[in-house]
Amino acid sequence: MSQHRAAGDRVTPGNAARKPGASRHSAKHRVARRNTPSSSQIVGLTAALAAAAGAVGFSHSTLASPTQANSAVNLAALSLDSGQQLSGITTARIQARQLATRDSSRVQLADTTKKQSAAAQLAKARAAKLTATQALTAKRANALAAAKAKAELAEKKARESATRCEIMLTGYHITATFGQGGNRWAHNHTGLDFAAPIGTRIGAVQKGVVIFADWAGPYGRQVQVRHEDGTVTWYNHMSKFSVSVGETVYAGDQVGAVGMTGNTTGPHLHFEVRPDGGEPIDPAPWLRNHCGLDPYTAG
């Protein structure tokens with residue numbers, strides 16, 4: 001060792017002219033060159049850092065956790081030669097990438113939570129709107145049902161009213177009046193004749209109870225209805241019956257149909273009005289005064 005040092009301190013023509021500090025400066029450079037990594041080490045370090053950077057980038061793009069990214073960086077660091085140390089700049093870059101990865105994960109997690117919260121609020125709002133719509137629909141349906149029931153009740157009451165009247169048939173014309181004489185009757189005519197085609201519907205003039213529904217000699221098929229004030233109305237010469245004795249009928253309910261049964265020269269309804277079931281009276285003024293119907297214009 002002393003020989004090597006002596007040889008190094010030997011004065012030669014080349015170093016004789018050097019200044020006293022030159023040897024120390026050269027020694028510093030020699031030390032620096034000893035610590036400078038070789039080209040193969042630099043290539044290895046670069047590849048390791050590139051792998052680490054790629055792992056960090058992949059972690060960011062695939063929403064990997066910070067732990068996975070840190071593992072990739074640590075693995076890249078361990079892949080270097082055991083004797084080599086990372087520079088301060090390289091360490092700072094790795095730490096910055098790790099921090100960016102953690103921050104990115106936090107941002108993505110916050111964004112996902114925000115979207116999930118917004119979706120839940122939207123679903124809740126839609127459910128509330130649907131519930132409100134269903135409640136409104138049910139309320140409207142109940143209101144319609146109540147209105148319909150009310151209307152039906154009012155109609156029923158009106159139909160069943162003892163004072164309501166309807167003309168007995170439509171599409172007719174008067175062919176004989178009360179008290180009219182002629183050879184067609186044994187006595188003067190006792191009612192009103194409403195001529196109409198055979199089968200024309202005949203209805204009760206007012207609410208009452210059927211007290212007779214049978215054949216009545218010259219009157220043919222006859223129905224008698226007693227009303228609440230005791231008046232009895234007769235429906236004669238019918239082709240058929242639609243009611244039976246004891247049945248309650250309301251104004252307009254069918255009691256039979258126009259026919260030619262009994263003593264008749266053509267299809268018609270012979271209608272009579274008998275207060276308290278006694279002698280007949282003129283049906284025309286009774287219809288006008290009692291029911292508000294004019295038989296000469298109603299049909």
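Definitions and limits used
- Residues numbered from 1 in each chain as written.
- Predicted model: local features only at pLDDT ≥ 70, side-chain atom pairs only at ≥ 80, totals over all residues.
- Heavy atoms only, no water.
- Helix = DSSP H or I, 4+ residues; strand = E, 2+ residues; numbered from the N terminus.
- Buried < 20%, exposed > 50% of the residue type's maximum accessible area, 1.4 Å probe, protein only.
- Contact = heavy atoms within 4.5 Å.
- Disulfide = S-S within 2.5 Å.
- Pairing = 2+ DSSP bridges.
- pLDDT = per-residue confidence, 0-100.
- Salt bridge = Lys/Arg side-chain N within 4 Å of Asp/Glu carboxyl O.
- Core = buried A, V, L, I, M, F, W, Y, C linked by side-chain atoms within 4.5 Å.
- Polar contact = N/O pair within 3.5 Å; in protein donor to acceptor, adjacent residues only side chain to side chain.
- Arc of directions from axis to C-beta.

**Remarks on the overall build of the protein chain**
When you go through the protein chain residue by residue, the secondary structure sums to six helices and nine strands. Considering the protein chain as a whole, with its 299 residues, one finds that 28% of them fall into the buried category. Sequence-distant contacts, at least 24 apart, represent 61% of the contacts inside the protein chain between residues at least 6 apart.

**Side note on the state of the cysteines**
What the rule picks out here adds up to one disulfide. Across the disulfide, Cys-165 is cross-linked to Cys-291 (sulfur-sulfur distance 2.2 Å). Its S-S torsion of approximately -55 degrees makes the covalent link between Cys-165 and Cys-291 left-handed. Of the two residues, Cys-165 sits in the loop between helix 5 (88–159) and strand 1 (173–176) while Cys-291 sits in helix 6 (residues 283–291), which places them 126 residues apart along the sequence. Each member of the pair Cys-165 and Cys-291 is classed as buried.

**Thoughts on the pairing of strand 6 (residues 232–241)**
Burial analysis of strand 6 places seven of its 10 residues in the buried class, which makes it a mostly covered element. Pairing geometry for strand 5 (residues 221–227) and strand 6, over five bridges, is antiparallel. Among the inter-strand pairings, Val-223 is bridged to a residue of strand 6, identified as Tyr-235. Counting the residues between successive antiparallel strands, the hairpin from strand 5 to strand 6 contains four residues, one of them, Gly-230, with a positive phi of roughly 95 degrees. Inspection of the sheet shows strand 6 paired to strand 9 (residues 268–274) by five bridges, in the antiparallel sense. Note on strand 9: the bridge partner recorded for Tyr-235 is Phe-271.

**Structural notes on the confidence of the model for the protein chain**
The share of residues in the protein chain with pLDDT of 70 or more is 70%, and the mean pLDDT across the chain is 79. Overall, residues 1–23 carries pLDDT values under 50, and its contacts beyond four positions in sequence, including any with other chains, amount to three contacts. Low pLDDT, under 50, characterises residues 25–34; the stretch is placed with one contact to residues that sit more than four places away or in other chains.

**Brief notes about the pattern of salt bridges**
Applying the stated criterion across every chain, the model contains five salt bridges. With its nearest N and O atoms 3.4 Å apart, the salt bridge here joins Asp-111 to Lys-115. Residue Asp-111 and its partner Lys-115 are located together in helix 5, separated by four residues, close to a single helical turn. A salt bridge links Lys-207 to Glu-228, with the shortest nitrogen-to-oxygen separation between them at 3.4 Å. One end of the pair, Lys-207, is in the loop between strand 3 (201–203) and strand 4 (208–215); the other, Glu-228, is in the loop between strand 5 and strand 6, with 21 residues separating them in the sequence.

**What about the nonpolar core?**
Grouped together as the largest cluster of nonpolar side chains are 29 residues, with contacts concentrated most on Met-168, Val-223, Tyr-235 and Phe-271. Element by element, the count of residues in this core is highest for helix 6, at four residues. Ignoring anything within four residues of it in the chain, the contact list for Val-223 reads Val-210, Phe-212, Ala-213, Thr-233, Trp-234, Tyr-235, Met-238, Phe-241, Val-243 and Val-255.

**Notes on the side chain of Gln-222**
Position of Gln-222 relative to the elements: it lies in strand 5. For Gln-222, a relative accessible area of 2% corresponds to the buried category. At 2.8 Å, the side chain of Gln-222 and the side chain of Gln-224 are in polar contact. Separated by 2.6 Å, the side chains of Gln-222 and Asn-236 make a polar contact. Ignoring any residue separated from it by four or fewer positions in sequence, one finds Gln-222 in contact with Phe-212, Ala-213, Asp-214, Ala-216, Trp-234, Tyr-235, Asn-236, Met-238 and Phe-241.

**Remarks on helix 6**
All buried positions along helix 6 are accounted for by Pro-283, Ala-284, Trp-286, Leu-287 and Cys-291. Seen along its axis, helix 6 keeps its buried residues to an arc of 165 degrees; they face one direction. Here helix 6 starts with a cap whose side-chain oxygen sits 3.1 Å from the backbone nitrogen of Ala-284, and that cap is Asp-282. Gly-292 sits one or two residues past helix 6 and shows a positive phi near 75 degrees.

**So, the pairing of strand 5**
Most of strand 5 sits out of view: five of its seven residues are buried. Pairing of strand 4 with strand 5 involves seven bridges; the strand directions are antiparallel. In the sheet register, Phe-212 faces strand 5, and the bridge partner there is Gln-224. A loop of five residues connects strand 4 with strand 5, the two strands running antiparallel in sequence, and Gly-217 in this loop sits at a positive phi of about 60 degrees.

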